[in-house]
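Working through the structure, step by step
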Amino acid sequence: AYPDRQFVSVELSQAGAKPLKLITWIVVTGPAYAGPGLAGRELRFGSASNAAHFLRLGPDKKRVELDYITTTYSLAIWEVEAVEGTTFVRIRNNKERDRYLHMAKGSLEIGYADPAAETTHWEILHRPKTYFYTLSNRAMPESFLRVEDGKITAGVADPSSLDAQW
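Residues numbered from 1 in each chain as written. Predicted model: local features only at pLDDT ≥ 70, side-chain atom pairs only at ≥ 80, totals over all residues. Heavy atoms only, no water.

Quick notes on the nonpolar core
In this structure, Leu101 and Trp122 are the most contacted members of the largest nonpolar core, which totals 26 residues. The set of elements that each furnish at least two residues to this core consists of β4 (54–57), β5 (64–67), β6 (78–82), β7 (89–93), β10 (122–126), β12 (143–148) and β13 (151–156). Setting aside chain neighbours within four positions, we find Leu101 in contact with Leu55, Val64, Trp78, Ile91, Leu108, Glu109, Ile110, Thr119, Thr120 and Trp122. (Core = buried A, V, L, I, M, F, W, Y, C linked by side-chain atoms within 4.5 Å. Buried < 20%, exposed > 50% of the residue type's maximum accessible area, 1.4 Å probe, protein only. Helix = DSSP H or I, 4+ residues; strand = E, 2+ residues; numbered from the N terminus. Contact = heavy atoms within 4.5 Å.)

Points about the pattern of salt bridges
Applying the stated rule across the entire model yields 12 salt bridges. Salt-bridge contacts for Asp60 lead to Arg63; the nearest nitrogen and oxygen are separated by 2.5 Å. Since its relative accessible area comes to 38%, Asp60 is described here as partly exposed. Among the residues examined, Arg63 registers a relative accessible area of 39% and is labelled partly exposed. With its nearest N and O atoms 3.0 Å apart, the salt bridge here joins Arg90 to Glu81. The exposure classification of Arg90 matches that of Glu81, with both residues buried. Bridged by salt links that share partners, the residues Arg56, Asp60, Arg63, Glu65 and Asp67 form one connected network. (Salt bridge = Lys/Arg side-chain N within 4 Å of Asp/Glu carboxyl O.)

Some thoughts on the pairing of β6
With four of its five residues buried, β6 lies for the most part within the structure. In this sheet, β6 lies alongside strand β3 (residues 42–43) in antiparallel orientation, the contact comprising two bridges. By the bridge assignment for β6, Leu43 is matched with Trp78. Relative to β7, β6 runs antiparallel, the two sharing five bridges. Within the sheet, the bridge partner assigned to Glu81 lies in β7 and is Arg90. A loop of six residues connects β6 with β7, the two strands running antiparallel in sequence, and Gly85 in this loop sits at a positive phi of about 80°. (Pairing = 2+ DSSP bridges.)

Some thoughts on the environment of Arg138
When you line up the elements, Arg138 lands in the loop between β11 (133–137) and β12. Relative accessible area serves as the criterion here: at 25%, Arg138 is assigned to the partly exposed category. The spacing of Arg138 and His102 is 36 residues in sequence and 9.9 Å in space, taken between C-alpha atoms. Beyond its immediate stretch of four places on either side in the chain, Arg138 contacts Val83, Thr86, Phe88, Glu118 and His121.

A closer look at the pairing of β5
Where β4 and β5 come together, four bridges link them in antiparallel fashion. Bridge pairing in β5 places Arg56 opposite Glu65. Count of turn residues in the β4/β5 antiparallel hairpin: six residues, of which Lys61 carries a positive phi of about 60°.

Remarks on the confidence of the model for the protein chain
When pLDDT is averaged across the protein chain, the result is 84; 81% of the residues are at 70 or more. Segment residues 26–30: pLDDT under 50, and two contacts once partners within four positions in sequence are set aside and those in other chains are kept. (pLDDT = per-residue confidence, 0-100.)

In structure tokens:
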């Protein structure tokens, strides 16, 4: 009757009394910020629009690519760092640990960047009723990490599009 809800069974009891059984659902309001909960983890970001492609540091270590990771697995592992006191995170490559995803010049880049700069801060939000997430930049909130013509970029995008989900 309620396909969009997940039900929870709860049993309340008190000594000497008959247990009371309830079936209810939990409603979560507000966005599902995943970023801070991912802090300290090593992740791979796979494209929702092409499950075989992952975000990786290019072999020249100067650009970000979207590609298969069979021969360059270590370049496709990213570490998430919490930005203290916020829902934002910084994303750096696990192999080249001083290289952060950033938008200092208004476009997606990887490289040395001031970790305190808002252009290095990303918000990772869970997309409701999916297994996917969107990543938007703090300095440019309308800019999402996305796939365009088979390449990785960041810019204005519809967050419900698979090209903007990971």
